[in-house]
Amino acid sequence: MRRASNRGSVRRATRSAKRSSRNKAKPNYRFLFFILFASTFMSGVITYALRTPGLDVSEVKVEGVRLADKATVQNVARSMLRKNILLLRKGPVVSRITSLSEVRDVKIGRCLPDKVWVKVAERKPDAVVTDGSNFFMIQSDGLMFHKVGGPVPGVPVIDVDKCEPLKAGKIATSAAVKYGLETLKDARAAKLALSKISIDHGLDICLNMRSGFYVKLGQPDDIARKMSRLRQALTYRPSIARDALYMDVSCPRSTVWMPRQYVQNLRDTQ
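This one's a predicted model, so the numbers in the text were calculated from it and none came from an experiment.

Bringing a positive patch on the surface into the picture now. Together, R66, R104, K107, K119 and K124 give the surface a local cluster of positive charge. Within the fold, K119 resides in strand β3 (residues 115–122). You can call K119 partly exposed: its relative accessible area is 45%.

Pasting the structure below:
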């Protein structure tokens, strides 16, 4: 009897639990209205921003152009005029400007509501390479990027007697130019100020020092060692830079130099 009563009570409890209704969450109409309003508002703002003439680019300011063709850079930059500043695609403009051999990098920025700025970073020359008739600014990696009318103040000249045709935007591949750039690199490592590096058809190298005398470097072997010997000689006897007509370090074991006074005395006796 007890088991039957227990079973009956369990069934009645289960049925009563099924019959009892649960509390249902009511929708938050205020929040839904806010979401709808915000979505409509943002859609209107975006549509207005993309269509209003007030956000069309009216001015493009270009800075940093000194070597590259200014007219070309300006024309490329002006292609952004009358375009929506928010939809402006900077990539094609950057690509076209950096295609100029003188340009190293380009940055473009927006100045709301309708102005754009373009900053051009140009390459800096490590030397000016010449074949005797043409002069080109060149980087240490051999890239010739800008033609000039002659030597540039403060920039060493690499004068080669024989090389391939020089052209802006090309990498110099001739042995003479490569040895000239290597010599310039070793000279800077030795803290030697050069004004000119001359390389003849036999690849013999001569250096014109900014202090006024020249150095016979000879063939392009052991260049770093020869530069070190030159640096040691000038450190040990700084007056050489003033008194010497030239120095010969083509054989590092026996460095010699010619006094100016000795040459002058020879001329006087003649």
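It is worth spelling out the packing of aromatic side chains at this point. Per the stated rule, a full pass over the model turns up one aromatic pair. A centroid spacing of 5.5 Å and a plane angle of 20° characterise the contact between Y214 and Y246, whose relative ring orientation is stacked. Placement of Y214 in strand β11 (residues 214–218) and of Y246 in strand β12 (residues 244–248) is noted, with a sequence separation of 32 residues between them. Over the ring of W117 we find K119; its NZ or CZ atom is 5.0 Å from the centre of that ring.

This part covers the environment of K191. Relative to the helices and strands, K191 is located in the loop between α5 (175–189) and β9 (194–199). Separated by 37 residues in sequence, K191 and S228 have C-alpha atoms that sit 9.7 Å apart.

The rules behind the values
All chains use their own residue numbering, which begins from 1 and follows the written sequence. In view of the model being predicted, local features appear only for residues whose pLDDT reaches at least 70, and side-chain atom pairs are presented and counted only at 80 or more, with totals across whole chains, interfaces and linings using the full set of residues. The side-chain numbers reported here are obtained from all heavy atoms of the structure, hydrogens and water having been left aside. Patch membership is restricted to residues that have no salt bridge and whose relative accessible area is over 30%. Joining uses 9 Å for like charges and 5 Å for the nonpolar side chains Val, Leu, Ile, Met, Phe, Trp and Tyr. In this description, accessible areas are obtained by the Shrake-Rupley approach with a 1.4 Å probe, and a residue is regarded as covered only by the protein chains that are shown. Whenever a carboxyl oxygen of Asp or Glu lies within 4 Å of a side-chain nitrogen of Lys or Arg, that contact is scored as a salt bridge. Charge counting follows a simple rule: Lys and Arg are positive, Asp and Glu are negative, and His as well as the terminal groups are ignored. Each charge is placed at NZ for Lys, CZ for Arg, CG for Asp and CD for Glu. We count a stretch as a helix when DSSP gives it H or I for four or more residues in a row; a strand needs E for two or more, and each element gets its number in order from the N terminus. Throughout, exposure labels follow a simple rule: accessible area from a 1.4 Å probe, protein chains only, divided by the maximum for the residue type, with under 20% read as buried, over 50% as exposed, and the rest as partly exposed. Aromatic pairs are defined between Phe, Tyr and Trp rings, using the six-membered ring for Trp, whenever the two ring centres lie within 6.5 Å; interplanar angles under 30 degrees are classed as stacked, those over 60 as edge-to-face, and all others as tilted. We call a charge positioned above a ring when the Lys NZ or Arg CZ atom is no farther than 6 Å from the ring centre and deviates by at most 35 degrees from the ring normal.

What is shown is where atoms sit, not what they do.
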